[in-house]
Amino acid sequence: MLRAQLQRLGLDRRLKAIYERYERVLIPAFLVIGFIFDVITFRTLQIDTALKLLLAHAIVAGLMLIFIQLYDARKEPSKYVVVSYARFLAPFAAQISIGALLSSSLLFYWFSGSLSVSWPLFALITGVMISSEVFRQAYLRPVVQLSVYNFVLLSYFSVLLPFVLKSLSAWIFILSGVLSTLIVLLIILLLTNFSPAVKRQQPQLFVAVMSVFVIMSAFYYLKLIPPLPLSLREAGIYHAIIRQPGDYKLIGENETFIQKLIPGQTIHADIGDSLYAYTAIFAPAKLTAVIYHRWEYKDPTSGQWTDKSLLHFSIKGGRQEGFRGYTMKTGVTPGKWRVTVQNERGQVLGRLTFTVEEP
């Protein structure tokens, strides 16, 4: 349809030729551009600035999706060349913004969670990003576009609202889902009045949008979604921690550069020695939370992880490098151990796995 409109309007033939030749790579390329933008954003900007930029992306993506459906509902292409050019560019603008929002979701969840626990969520986001190329034609359908838009809006609100309201309560996540779903449902009702295609698909649209809310709520209930906007900035297992004015002195294993890169530490300790789990956790200013260190030992006979200690401390947000805290476990024995870093609800921020060996 769009190609025919460009041809009838006599628009720039070189632009049309480029579009036809590189159609298969243009939209995925803009998705990658959105991802690169987010990586740079989260590495260089303050979180409040990043959230403002992502809000702009959310608005642009929504407006572009509405514009595309309204334009395609017309029986004849617009007589204004500028409007037709805008329709040509709208999918790319929408893809950049949706790409930025998808990658921000992945990055937020990655920084705030553990792959070993939240991998279904990471797999879902990655699958949505990859499928935008594999199922390119499906992404042109309103059902798919608005479902993905609901997902990225929910992810965005689940970071924004705790940041604004200074709370990690469960009702904050529910409110995020309600807001995103209401916005998308309002868009559907608006488009129904102008687009026959959307009107025909209205039942499927409602089911798809509500399914996103139900699936993400199930993920939250199962604690597969990490406790946004908390993020684990630093963590490790140490032999001793000495508190100094304004800092901590961490005494740990002597490791080579290669050993530090390999997951899982080896800690040399005599039977009955004490070990320390140290974490630095970022939280927005004025947000307080209780952090738990769950010390677990892997039973060599059953192969099951068994709880040994559940220790906690409170954190206060505002420090860019993260609020520092530690717990101590006495009487460790040789074998495999892990410390799960979690909040009061049991949502996992990270996990430290290590092996204790006698010197």
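Please read these numbers as outputs of a predicted model, since none were measured by experiment.

(A) Region of the structure containing empty space enclosed by the protein. Under the definition given, this model contains 3 cavities of 30 Å³ or more. Quantified by volume, the largest cavity comes out at close to 120 Å³. As for the largest cavity, its lining consists of 14 residues, and the residues nearest its centre are Ser 158, Pro 162, Phe 173, Tyr 220 and Leu 228. Among the elements of the structure, helix H6 (142-165) and helix H7 (170-192) are those that each provide at least two residues to the lining of the largest cavity. Of the residues contributing to the lining of the largest cavity, the split by class is 9 nonpolar, 5 polar and no charged.

(B) Here's a closer look at the sheet that holds strand S6 (residues 288-298). With respect to topology, 5 strands assemble into an open sheet ordered S4-S10-S9-S6-S7, the strand pairing being mixed. For this open sheet the edge positions go to strand S4 (265-268) and strand S7 (305-316), each flanked by a neighbour on one side alone. Across the sheet, the mean angle from the axis of one strand to that of its neighbour is 25°, orientation sign disregarded. Where strand S9 (residues 335-343) meets strand S10 (residues 348-357), 8 bridges bridge the pair, whose relative direction is antiparallel. Residue pairing for S10: Lys 336 is matched across the bridge by Thr 355.

(C) Looking closely at the packing of H7 against helix H9 (residues 202-221). Contact geometry of H7 with H9 gives a least axis separation of 10 Å together with a crossing angle of 170°. Between H7 and H9, the angle is such that the two are roughly antiparallel. In contact with Ala 170, Phe 173, Ile 174, Gly 177, Val 178, Thr 181, Val 184, Leu 185, Ile 188, Leu 189 and Thr 192 of H7, H9 contributes Gln 202, Leu 205, Phe 206, Val 209, Met 210, Phe 213, Met 216, Ser 217 and Tyr 220. Each residue belonging to the contact of H7 with H9 can be placed in one class, and the counts come to 15 nonpolar, 5 polar and no charged.

(D) Main features of the sheet that holds strand S8 (residues 323-329). Across the sheet, 3 strands lie side by side as S1-S5-S8; this open sheet has antiparallel pairing. Both outer strands of the open sheet, strand S1 (231-238) and S8, are each paired with one neighbouring strand and no more. Going across the sheet, the axis of each strand differs from the next one's by a mean of 15°, ignoring polarity. Summarising the sheet, S1 and strand S5 (residues 275-282) pair through 7 bridges and their orientation is antiparallel. Paired with Ile 237 across the strands is Ala 277, a residue of S5.

Rules and cut-offs
- Residues numbered from 1 in each chain as written.
- Predicted model: local features only at pLDDT ≥ 70, side-chain atom pairs only at ≥ 80, totals over all residues.
- Heavy atoms only, no water.
- 1 Å grid on protein atoms, 1.4 Å probe; cavity = no way out; pocket = protein on both sides within 12 Å on 5 of 7 lines; lining within 4 Å.
- Points joined across faces, edges and corners; volume = space filled by probe spheres on them.
- Helix = DSSP H or I, 4+ residues; strand = E, 2+ residues; numbered from the N terminus.
- Nonpolar A, V, L, I, M, F, W, Y, C, P; charged D, E, K, R; others polar.
- Pairing = 2+ DSSP bridges.
- Axes fitted to C-alpha atoms, helices over the stretch in contact; angles between N-to-C directions.
- Parallel < 35°, antiparallel > 145°, perpendicular 65-115°, else oblique.
- Contact = heavy atoms within 4.5 Å.

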